[in-house]
Amino acid sequence: MRNRMIAGNWKMNKTYTEGVELASGLADELKDGTGSVDVVVCPPAVDLKGVAEVIDQKKAPFALGAQNVYWEEHGAFTGETAPDMLTNIGATYCIIGHSERRGYFHETDEEINKKAKALMAHGIVPISCCGEPLEVREAGKHVEFVVDQIKKDTEGLEIADPSKYVIAYEPIWAIGTGKTATADDAQEVCGAIRKTLAEIFGQKTADGIRILYGGSAKPNNVAGFLEKDDVDGALVGGASLKADSFAAMVKAAM
Ligand code: PGA
């Protein structure tokens, strides 16, 4: 019912030249297709156009995503990127609310909610991230923390097609640390997220929304997460920076 999704978040890695090379290598690795798995790569903003060209030229079986967006249409917002600038170069997904943006750049749930609305108004699929810091996990309050984020981040959204809104649960203590949550940890929170989505949007919509796990997801552990009922894929940081490891994760999901 839900197609699995493997999304790569390159973060602030890869120059334009390196990005084109990585995308091209990935297109080669995945030349036989990805079955029913939806694959997305999210390069830095300055690499987007180059990766779009690789996808086009090689008929690559993956979609293009950005890592951030601003919610205004255009104007005096130095350094920001508008939704239609993304659609114009072929991006169809955009990560929002990543814990690095929440932490380093002080993004709030209210801003993340505005970004989701702006993206959806332009037909771009948000990959909206949530997740708790270590102290919240240690206090046993992770489920309520994430449920609260979900309620704020989705407030007032109209989700006509649930395949066009994606959530990524990324416990902050597991990102880039080599420390993964267990598959059961991921299921506990992803299950609570789906229950919350059902309360807000109804069961049918909740059943169509993909919920990804992220945080040190690797070729050798991704299958364990995917076995869980409410985990529909992975948002991959470090392991998306090499074509072979990212392709291996796609293949594990097929
Ligand atoms: P990681 O990053 O796979 O390197 O832990 C995941 C993410 O932050 O999206």
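Positions within a chain are numbered from 1, following the residues in the order the chain's sequence is written. Given that this is a predicted model, residues contribute local features only at a pLDDT of at least 70 and side-chain atom pairs are listed and counted only at 80 or more, while totals for whole chains, interfaces and linings are drawn from all residues. Note that the side-chain values use all heavy atoms of the structure and ignore hydrogens as well as water.

J.: How do you make sense of helix α2 (residues 48–58) when you look at a structure like this?
T.: Think of an α-helix as turning once every 3.6 residues; residues three or four places apart then point the same way. For each residue, the accessible area found with a 1.4 Å probe, counting protein chains only, is set against the maximum for its type, and the residue is called buried under 20%, exposed over 50%, and partly exposed in between. Elements are defined by DSSP. Helices are runs of H or I of four residues or more, strands are runs of E of two residues or more, and each kind is numbered from the N terminus. Residues of α2 that are buried include every one of L48, G50, V51, A52, V54 and I55, and no others. In what follows, a contact means two residues having at least one pair of non-hydrogen atoms within 4.5 Å. Among the structural elements, α1 (16–29), β2 (38–42), β3 (63–66) and α3 (83–88) are those in contact with the buried residues of α2. Where α2 terminates, the next one or two residues include K59, which has phi positive at roughly 50°.

J.: Honestly, the packing of aromatic side chains in this entry has me stumped. Any pointers?
T.: How two aromatic rings sit relative to each other is set out by the distance from centre to centre and by the angle between their planes. Pairs were defined over the aromatic rings of Phe, Tyr and Trp, the Trp ring being its six-membered one, requiring ring centres within 6.5 Å. Orientation was assigned from the angle between planes: stacked under 30 degrees, edge-to-face over 60, tilted for the rest. Per the stated rule, a full pass over the model turns up four aromatic pairs. Relative to F225, the ring of Y213 lies with its centre 4.2 Å away and its plane at 10°, an arrangement referred to as stacked. Here the residue Y213 occupies a position in strand β7 (residues 210–214), and F225 occupies one in helix α10 (residues 222–226), the gap between them amounting to 12 residues. Assessed through its relative accessible area of 1%, Y213 is described here as buried. Under the relative-accessibility criterion, F225 is labelled buried at 5%. Among the aromatic residues, those joined into a cluster by ring pairs are Y70, W71 and F77.

J.: What exactly am I supposed to notice about the packing of α1 against helix α11 (residues 243–253) here?
T.: In helix packing, the relevant descriptors are the interaxial angle and the interaxial distance, both defined with respect to the helix axes. A fitted line through C-alpha atoms serves as each axis, taken over the contacting stretch for helices, and the angle formed by two N-to-C directions is quoted from 0 to 180°. At a minimum axis distance of 9 Å, the contact between α1 and α11 shows a crossing angle of 40°. Here α1 is positioned oblique relative to α11, judged by the angle of their axes. Considering only the axes of α1 and α11, their crossing is right-handed. Of α11, the residues touching α1 (which contributes L22, G25, L26 and E29) are A243, D244, F246, A247 and K251. Put simply, angles under 35 degrees are roughly parallel, angles over 145 are roughly antiparallel, angles from 65 to 115 are roughly perpendicular, and the rest are oblique. We call a crossing left-handed when the near helix sits turned anticlockwise from the far one by less than a right angle, and right-handed when that turn is clockwise.

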